[in-house]
Amino acid sequence: QVQLVESGGGLVQSGGSLRLSCTASGNFIRINAMGWYRQAPGKQRELVAAISRGGSTKYANSVEGRFTISRDNAKNTVALQMNSLKPEDTAVYYCNAGAQISIGEYSGWGQGTQVTVSS
């Protein structure tokens, strides 16, 4: 019901910046909460940042003050601006969205985009 396509990952030096984008498409009534998760090798997937449809945000302590999440409800997009990147930010980043569909709520995931921060 929901397809999520991410873009914007890559290789950057420590202290650099990257911007991730994600667009939702499919057969849904509306997109509710959206967020970014990441998974480093050998670690569990963790929440990086989330944003409600009304714009309320929350961040992992490790990225607070460095990352900014934003969204465009009209375009069904969510972005993650990542500044002052550190090697420990290296991970595969996944977009997540909760969509209201005719039979309830559906949670979708993107395919993931690699972010690598070199020291």
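To keep things clear, this report deals only with the structure shown in the data block. Treat the numbers as computed from the prediction; the structure is a model and nothing was measured.

Looking now at the sheet that holds strand S8 (residues 77–82). Two strands in a sheet stick together by hydrogen bonds in their backbones, pointing the same way (parallel) or opposite ways (antiparallel). Reading across from one edge, S1-S3-S8-S7 is the order of the four strands in this open sheet, with antiparallel pairing throughout. Single-partner strands in this sheet number two, and they are strand S1 (2–7) and strand S7 (67–72). For this sheet the average axis-to-axis angle between neighbouring strands, irrespective of direction, equals 15°. Strand direction decides the pairing type here: S1 and strand S3 (residues 18–26), joined by six bridges, are antiparallel. Each bridged residue has a counterpart across the sheet, and for Gln3 the counterpart in S3 is Ser25.

Turning our attention to the state of the cysteines. By definition, a disulfide links two cysteine residues through a covalent bond between their sulfur atoms. Going through the model one piece at a time under the given rule, you end up with one disulfide. Across the disulfide from Cys22 sits Cys95; the S-S distance is 2.1 Å. Taking the torsion about the S-S bond as the criterion, the Cys22 to Cys95 disulfide, at about -85°, is left-handed. Here Cys22, found in strand S3, pairs with Cys95, found in strand S9 (residues 91–101); they are 73 residues apart in sequence, far enough to count as distant. Note on accessibility: Cys22 and Cys95 belong to one class, buried.

This next bit is on the environment of Val78. Its place among the elements puts Val78 in strand S8. Overall, the relative accessible area of 1% leaves Val78 in the buried class. The spacing of Val78 and Thr23 is 55 residues in sequence and 6.7 Å in space, taken between C-alpha atoms. Residues in contact with Val78, not counting those within four places in the same chain, are Leu20, Ser21, Cys22, Met34, Trp36, Ile51, Ile69, Ser70, Arg71 and Cys95.

Moving on: the packing of aromatic side chains. The full count for this structure, using the stated rule, is one aromatic pair. Aromatic side chains Tyr37 and Trp109 sit 4.9 Å apart centroid to centroid with 65° between the ring planes, which places their arrangement in the edge-to-face category. Placement of Tyr37 in strand S4 (residues 30–39) and of Trp109 in strand S10 (residues 104–109) is noted, with a sequence separation of 72 residues between them. You can call Tyr37 partly exposed: its relative accessible area is 24%. What makes Trp109 partly exposed here is its relative accessible area of 38%. Sitting over the face of the ring of Tyr94, Arg45 holds its NZ or CZ atom 3.7 Å from the ring centroid. Above the face of the Trp109 ring, Arg45 is positioned so that its terminal group lies 4.7 Å from the ring centre.

Reading the values: the criteria
Residues numbered from 1 in each chain as written. Predicted model: local features only at pLDDT ≥ 70, side-chain atom pairs only at ≥ 80, totals over all residues. Heavy atoms only, no water. Pairing = 2+ DSSP bridges. Helix = DSSP H or I, 4+ residues; strand = E, 2+ residues; numbered from the N terminus. Axes fitted to C-alpha atoms, helices over the stretch in contact; angles between N-to-C directions. Disulfide = S-S within 2.5 Å. Buried < 20%, exposed > 50% of the residue type's maximum accessible area, 1.4 Å probe, protein only. Contact = heavy atoms within 4.5 Å. Phe/Tyr/Trp six-rings, centres within 6.5 Å; stacked < 30°, edge-to-face > 60°. Lys NZ or Arg CZ within 6 Å of the ring centre and 35° of its normal.

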